[in-house]
Amino acid sequence: MTDQAKPVPTWVEFLKADKKYSELEQTSDLARSRQRDCEQVIRSNDMRLEMLKFVHDILESKKFEFECMDKGEEEAAQKFVGHSFTLELRNEQLYDYCQELNEQKYALHLAIADASVKRQQYKQEADEAEKVLFRLRKRLVEEHNKLEAEAKKAQEAK
């Protein structure tokens, strides 16, 4: 009767066999993925915010041109709008556009703030999981090394 030594699993197999390690790794990976998603939302909204600021500045700079339209430009605008395009109507419409841009900018600021808070929460969640993973990995290394040493002793004893 031969006493066969059980083969030592590879490091990767050993880690996969530990359920707690796998769960923590998944938790960490998911939190990092969500953190990256939040960062993408922040970048995207920040770019849109800059574009809205640019458009707002252009509209603001056009106020003077709106007020100083010559007769030909007023007639062209009247044909486009379909009714008399008085200075009061022009200013009101320009104000409405600027107001709408301000509302969109405000909504983007809120979305960026919300994504920033979530990003920080996901970062903290991932960091905490990785701290526990580090300690667990350290213990698993010791266990795996012990198994390898025992297998080596058993091999030498034969």
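Quick summary incoming for the structure in this document.

The rules we used
- Residues numbered from 1 in each chain as written.
- Predicted model: local features only at pLDDT ≥ 70, side-chain atom pairs only at ≥ 80, totals over all residues.
- Heavy atoms only, no water.
- Helix = DSSP H or I, 4+ residues; strand = E, 2+ residues; numbered from the N terminus.
- Rg over C-alpha atoms; globule rule 2.2 N^0.38 Å.
- Buried < 20%, exposed > 50% of the residue type's maximum accessible area, 1.4 Å probe, protein only.
- Contact = heavy atoms within 4.5 Å.
- Lys, Arg positive; Asp, Glu negative; His and termini not counted.
- Charge placed at Lys NZ, Arg CZ, Asp CG, Glu CD.
- Axes fitted to C-alpha atoms, helices over the stretch in contact; angles between N-to-C directions.
- Parallel < 35°, antiparallel > 145°, perpendicular 65-115°, else oblique.
- Left-handed = near helix turned anticlockwise from the far one by under 90°.
- Nonpolar A, V, L, I, M, F, W, Y, C, P; charged D, E, K, R; others polar.

### Details of the overall build of the protein
Of regular secondary structure, the protein possesses five helices and zero strands. Traced from its N-terminal end to its C-terminal end, the protein shows the element sequence α-α-α-α-α. Taking 15 Å as the expected radius of gyration for a compact globule of 158 residues, we find that the protein reaches 33 Å, considerably beyond that expectation. Overall size of the protein, expressed as C-alpha extent along the three principal axes, is 110 × 25 × 20 Å. The buried share among the 158 residues of the protein stands at 21%. In the protein, the share of contacts with a sequence separation of at least 24, taken over all contacts with a separation of at least 6, comes to 86%. Across the protein, the centroid of the 28 positively charged side chains sits 10 Å from that of the 33 negatively charged ones.

### Describing the environment of Glu150
Along the chain, Glu150 falls in helix H5 (residues 87-157). By relative accessible area, Glu150 is classed as partly exposed at 44%. Spatially, the C-alpha atom of Glu150 lies 9.3 Å from that of Val8, the residues being 142 residues apart in sequence.

### Notes on the side chain of Asn45
As for its placement among the helices and strands, Asn45 is situated in helix H2 (residues 19-61). Apart from the residues within four sequence positions on either side, Asn45 is in contact with Leu108, Ala111 and Ile112.

### Re the packing of H2 against H5
Packing of H2 against H5 leaves a shortest axis separation of 7 Å and a crossing angle of 160°. By the angle class used here, H2 and H5 are roughly antiparallel. As H2 packs across H5, the resulting crossing turns out to be left-handed. Considering only residue class, the contact of H2 with H5 consists of 25 nonpolar, nine polar and 17 charged.

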